[in-house]
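Structural overview for review
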Amino acid sequence: MSLKPLSLGKANLEEFSATLIELAEKNPNILAVTSDSRGSGKLVPYAEKLPEQIVEVGIAEQNLVGVAAGLASTGKSVFAVSPACFLATRSLEQVKNDVAYSNQPVSLIGISAGVSYGALGSTHHSLHDIAALRAIHNMQILIPSDNFETRQVITYAAQSEKPVFIKFGKKNMPHLPRASETFEIGKASVICEGTDVAFIACGETVAPAYEAAILLEEQGISAEVVSMHTISPLDEASILRLAKKCKAIITVEEHSVHGGLGEACASLLLQNQAIVPFKIIGIPDEDTVTGSQNEIFGYYGISAEGLAQTAKKILTLKTNGCID
């Protein structure tokens, strides 16, 4: 199989806005609640078309979540939109108690997630949200990788009867190929199939993982890439399948290496005695460098070249019988 280069789509946030407009025009019970973030959340067109279906609370993230939960309790389908770095920290108590514990069907939309704010530094990086929210019962965590997955995820969230947290970055995203166009929450999407190394990635790291697979294919190495768009509930069957199928697994995430996708996969594999060479690629426990998202990705090896190099190293170590 010959892997093809990617073509560029629009930002997932723009797809989120377009999908939400389509859904809300048909359903007056859909509301957007924002914390002075309709611009950065790409909701200006939504507000212009549906001014009666948007609530602005100002820069008050705790109020945002509390108001969203209250509206949801009256039967509304609520999308609470705010920067991910604040939504999963400043309002964490409201997320835990008002939304998750109270089982209110609020869709928490964390915008400019990961290191999307780049040069604004660690105060605006969201590298903790998966770890924090995975520890909260009754919280679905979804991280779409492209426009297709975004549309599927938002359509699902509008109908979900349980709380959902969804992460979005800022940049335009490529259209990813798929082994199957079937999409299901809680089931990983296979982007391309392979047998040597598996990349399990989520969100905006899926594209560089696929580009790494292209580079590896040119060198005779077969890489499988899956988009783990659902972090909770985790697709355990797919992870265990890859452990049997491939010689090594590499997880890739725009998140701390602590508490995220990688550690979730590692825990699952170890508890099932599925021993396979394994590497977590994310942001290490250190002062994060400042720069654009692409610059930060490159620095930490979340790039086509960096991931291909990691794959070759782990496969070489396996062949030589030693894994660091």
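Here's a quick rundown of the structure. Keep in mind that this is a model prediction, so the values were computed, not measured. (Residues numbered from 1 in each chain as written. Predicted model: local features only at pLDDT ≥ 70, side-chain atom pairs only at ≥ 80, totals over all residues. Heavy atoms only, no water.)

Some remarks on the side chain of Thr205
Using the following cut-off: Only DSSP runs of H or I with at least four residues qualify as helices, and only runs of E with at least two residues qualify as strands; both kinds are numbered from the N terminus onward. Two N or O atoms count as a polar contact when they lie within 3.5 Å, although within protein this holds only if one can serve as hydrogen donor and the other as acceptor, and sequence-adjacent residues are included solely when both atoms are side-chain atoms. Contacts between residues were defined by any pair of non-hydrogen atoms, one from each residue, lying within 4.5 Å.
Tracing the chain through its elements places Thr205 in the loop between strand S10 (197-201) and helix H8 (206-218). Among the polar contacts made by the side chain of Thr205, one reaches the main-chain carbonyl oxygen of Val252 at a distance of 3.0 Å. Those residues in contact with Thr205 that lie beyond four places of it in its chain are Val252, Glu253, Glu254, Phe297 and Ile302.

Some words on the packing of helix H3 (residues 61-72) against helix H5 (residues 92-101)
In a packed pair of helices, the relevant descriptors are the angle between the two axes and the axis-to-axis distance. The cut-off we apply is this: To get an axis, fit a line to the C-alpha atoms, keeping to the stretch in contact for a helix; angles then go from 0 to 180 degrees between the N-to-C directions. Geometric relationships in this document are graded by angle, where less than 35 degrees denotes roughly parallel, more than 145 denotes roughly antiparallel, 65 to 115 denotes roughly perpendicular, and other angles denote oblique.
Following both chains from N to C, one finds H3 and H5 inclined at 5 degrees, their axes separated by 9 Å at the closest point. The pairing of H3 with H5 is recorded here as roughly parallel in orientation. Note on element contacts: H5 touches H3 through Gln94, Val95, Asp98 and Val99, opposite Gln62, Val65, Gly66 and Ala69.

What about the packing of helix H1 (residues 12-26) against helix H7 (residues 147-159)?
Our working rule: In this scheme the handedness of a crossing depends on how the near helix is turned from the far one: anticlockwise by less than a right angle means left-handed, clockwise means right-handed.
Between H1 and H7, the least distance of the axes is 9 Å, while the angle of their chain directions is 40 degrees. The angle between H1 and H7 falls in the class oblique. You can see that H1 and H7 cross each other, and the crossing is right-handed. Residue-level inspection shows Asn12, Glu15, Phe16, Thr19, Leu20, Glu22 and Leu23 of H1 in contact with H7, the latter providing Asn147, Thr150, Arg151, Ile154, Thr155 and Ala158.

A word on the pattern of salt bridges
Note the cut-off: Any Lys or Arg side-chain nitrogen found within 4 Å of a carboxyl oxygen on Asp or Glu counts as a salt bridge. Each residue is assigned to one of three classes by its accessible area relative to the maximum for its type, calculated with a 1.4 Å probe on protein chains only: buried under 20%, partly exposed between the two thresholds, exposed over 50%.
Summed over all chains, the structure comprises ten salt bridges. A salt bridge links Glu15 to Arg151; the shortest N-O distance between them is 2.8 Å. Taken as a pair, Glu15 in helix H1 and Arg151 in helix H7 lie far apart in primary sequence, 136 residues in all. Glu224 is paired through a salt bridge with Arg241; the nearest N and O atoms lie 3.0 Å apart. Highlighted residues: Glu224 in strand S11 (residues 223-227) and Arg241 in helix H9 (residues 236-245), separated in sequence by 17 residues. A residue is classified by how much of its surface remains accessible, and Glu224, at 1% relative accessible area, is buried. Each of the salt bridges in this network shares a partner with another, and the network as a whole consists of Lys10, Glu15, Glu22 and Arg151.

With respect to the packing of aromatic side chains
As a reminder of what qualifies: Pairing of aromatic rings covers Phe, Tyr and Trp, the last counted by its six-membered ring, and requires centre-to-centre distances within 6.5 Å; plane angles under 30 degrees mean stacked, over 60 mean edge-to-face, and any other angle means tilted. Two thresholds decide whether a charge sits over a ring: the Lys NZ or Arg CZ must be within 6 Å of the ring centre and within 35 degrees of the ring normal.
Using the criterion set out here, one finds four aromatic pairs in the structure. Both rings, one in Tyr299 and one in Tyr300, keep their centres 4.9 Å apart while their planes meet at 85 degrees; by these two values the pair is edge-to-face. A connected cluster of aromatic rings, assembled from ring pairs, spans Phe16, Phe79 and Phe168. The ring of Phe86 has Arg90 sitting right over it, with the charged end atom 4.7 Å from the ring centre.

Comments concerning empty space enclosed by the protein
Once rolled over the atoms, a probe with the size of a water molecule shows which space is left empty. Note the threshold: Here a cavity denotes grid points, spaced 1 Å and computed from the protein atoms alone, that fit a 1.4 Å probe unable to get out, and a pocket denotes an open set having protein on both sides within 12 Å along at least 5 of 7 lines; residues with an atom within 4 Å of a point are the lining. Grid points are joined across faces, edges and corners, and a volume is the space filled by probe spheres set on the points.
For the coordinates displayed, the defined rule picks out one cavity of 30 Å³ or more. When its volume is computed, the largest cavity comes out at roughly 120 Å³. Every residue lining the largest cavity is counted, 15 residues in all, and those nearest its centre are Ile143, Lys167, Gly203, Glu204 and Glu254.

Purely geometric stuff here, so don't read any function into it on its own.
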